[in-house]
Amino acid sequence: MTQFLDSLQAGVLALRQLPVDYPQAFAWYTLILRFLFPLLALAMLVRIIRSLIKASPKPEVWAYLSLPNGASEPLTHWENILGRAGSCDVVLNYPVVSRQHAALIRSEDDSWTVYDLGSKSGITVNGTPADPSGTAVSFGDVLSMGGVETVLLPVPDQETKHRRKTDAKPVSPWGSLILLTLFQVLTALQFLFSGDEEHMLLVPGSFLCLAAVMWLYCIIMRALGRIGFEIETVAFFLSTLSLSVTSSSAPSAVPKQFLSMVLGLIFFLVLGLFLRDLERVKKIRWLMAAGAIFLLSLSLVLGKAKYGAANWISIAGFSFQPSELAKICYIFAGAATLDRLFRKRNLGLFIILTGACMGCLALMSDFGTAAIFFVTFLVIAYLRSGDFATLSLICGGAVFGAFTLVSIKPYILRRFAAWGHVWEQASDGGFQQTRTMSAAASGGLIGVGPGNGWLHRVSAADTDLVFGMLCEEWGLIIAVLSVLCIVALAVFAVRCCRAGRSSFYSIAACAATSLLVFQTTLNVLGSVDILPLTGVTFPFVSNGGSSMLSSWGMMAFLKAADTRSNASFAIRAPKLHGPQWLGNLGPQSRAPRKEVSREKD
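Quick caveat: nothing in here was measured; it's all calculated off a predicted structure.

Reading guide: rules and limits
- Residues numbered from 1 in each chain as written.
- Predicted model: local features only at pLDDT ≥ 70, side-chain atom pairs only at ≥ 80, totals over all residues.
- Heavy atoms only, no water.
- Pairing = 2+ DSSP bridges.
- Helix = DSSP H or I, 4+ residues; strand = E, 2+ residues; numbered from the N terminus.
- Axes fitted to C-alpha atoms, helices over the stretch in contact; angles between N-to-C directions.
- Parallel < 35°, antiparallel > 145°, perpendicular 65-115°, else oblique.
- Left-handed = near helix turned anticlockwise from the far one by under 90°.
- Contact = heavy atoms within 4.5 Å.
- Nonpolar A, V, L, I, M, F, W, Y, C, P; charged D, E, K, R; others polar.
- Expected span 1.5 Å × (residues − 1).
- Buried < 20%, exposed > 50% of the residue type's maximum accessible area, 1.4 Å probe, protein only.

## Side note on the sheet that holds strand E11 (residues 148-153)
Reading across the sheet, the 6 strands line up as E2-E1-E11-E10-E7-E8 and stay open at both edges, with antiparallel pairing between neighbours. The two strands at the open ends of the sheet, each matched to only one other strand, are strand E2 (72-75) and strand E8 (128-129). When strand E1 (residues 63-66) meets E2, the two strands line up antiparallel, connected through 4 bridges. Bridge pairing in E2 places Leu-65 opposite Glu-73.

Next comes the structure, spelled out in structure tokens:
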């Protein structure tokens, strides 16, 4: 083993000597590479982003409901609202039927349960009044709502057999993976030539290990029958940029960052598999709520101030932010299934949880994370209630609380003092933003090359100001593509959620991507002085293990909401035989779901 390492080191030293021996050739190589990186990124990401944005779910029928007029209405979701309102999944236009009369919900074992949503005329199943906590419904049972009788019918075997054959094929992952691997190898070579001798094996080796992990994951998942790797490819691309940023700013921290990526991928898989069982998910929601409060309280008690906010905990030389993991717990606790959305205190307990989380963040002076939690709360609260009046009152209270906080915590006000005129305080409050904008401008469209920038010498360049490092070293094209990746994930979440099997998956996915988009907005616009610099990270890209774990966790919520067949963690994939796993299977998706409102009768 020692002999192999010595040979490897000798070979690397010989490669590092090439720029010295052939300076003119190396200058041309560097120039060509600067143009090649954006071309590879465009070729790889354009088709992935287009696939995410244009994903159009088609209907998948789980059962039929026969109507009094003899027609049969398909049930295209696991959770279906029956009522007179036009927003219902099954519209029963009869005066005796309430606007939102009942919820008919399917379980993973194909059993059905009906819930009364506070209707005036009630529900009977085969003539027996329905239980307020839900009544099991079997195929062939008569479901009566105010005397309007319907019958639950199974999907014919022939229709079940052929319903997956008409789907459009997803984008193949292999071409994108090859391009991304080439991107990673060239980045490793770039750092091999431009990095210091102390880390000449460590840094390039991390990029190659990331490529190996990426291929191993995709091959194993494809062999297990999974398709649709756009979400993971975006995450691997942004993680590659994160390794580059870390290699420029703190080469010795590259192993920690790579390890956090591997742990994040494992966390992504574990959380995704856990989300498969919706009944198990419902049982653990309040435990996750307690976990969110515990993690934030832990920061409050043991946290040390860093960049103004006391949200860092150091153990055995490792520093992490519990608030990043608290985001996962908060979204997990905030999402809800349809049968819970119509219960009393549906939103009240969630508001109490939000108040506790916001109070902890205020005491930590972590304004950026508090803003992210509040926006996430608004998204979840709207999806759970659709009540604009209540949300307006909550926003008004939040504004009042923010003004109170500023008066109590003058440090926060000082952070806003330079906002909008940082060039007037270039050596004081605007030091970081002015250096970020100068470095970003020097990068132009194609950048100066990975490892060749100077912004990494500025404090928090690889975290809060990381967009400036992207613009400087990688160029504006790749920096903008990184932002578009996050936006595309959000668009994909909205399109998938229209056909969501459960409102839990829909709410969690929309909340997770909204959090990522808002966090990216604060990071990007804060670093260039369009918004105040709030000290939040760029998802996946910023250097930091806690942020990386949190970002991968958010992807699990989105993956669980993916409505394409064999792509969602919420659905068990069928086994494939022979070489079929190397090909493309068509995605299975569902019809757009109408917006659910909680109007009174």
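## What to know about the packing of helix H7 (residues 254-274) against helix H19 (residues 545-561)
Contact geometry for H7 and H19: axes closest at 8 Å, N-to-C directions at 25 degrees. It follows that H7 is roughly parallel to H19 by the angle criterion. When you trace H7 past H19, the crossing you get is right-handed. Contacts between H7 and H19 involve Gln-257, Ser-260, Met-261, Leu-263, Gly-264, Leu-265, Phe-267, Phe-268, Leu-271 and Gly-272 from the former and Gly-545, Met-548, Leu-549, Trp-552, Gly-553, Met-555, Ala-556, Phe-557 and Lys-559 from the latter. Here the contact of H7 with H19 is composed, by residue class, of 12 nonpolar, 6 polar and 1 charged.

## Some points on helix H6 (residues 230-249)
Along its 20 residues, H6 runs 29 Å from first to last C-alpha, staying within 8% of the 28 Å computed at 1.5 Å per residue. Most of H6 is tucked away: 19 of the 20 residues are buried.

## Structural notes on unusual backbone geometry
Phi is mostly negative for residues that are not glycine, and the peptide bonds are mostly trans. Here the phi dihedral of Asp-529 falls at roughly 70 degrees; this positive angle occurs in a residue that is not glycine. With respect to the helices and strands, the residue Asp-529 is situated in the loop between helix H18 (503-527) and H19. With phi around 70 degrees, Phe-540 is a residue other than glycine that occupies positive phi space. Secondary-structure assignment places Phe-540 in the loop between H18 and H19.

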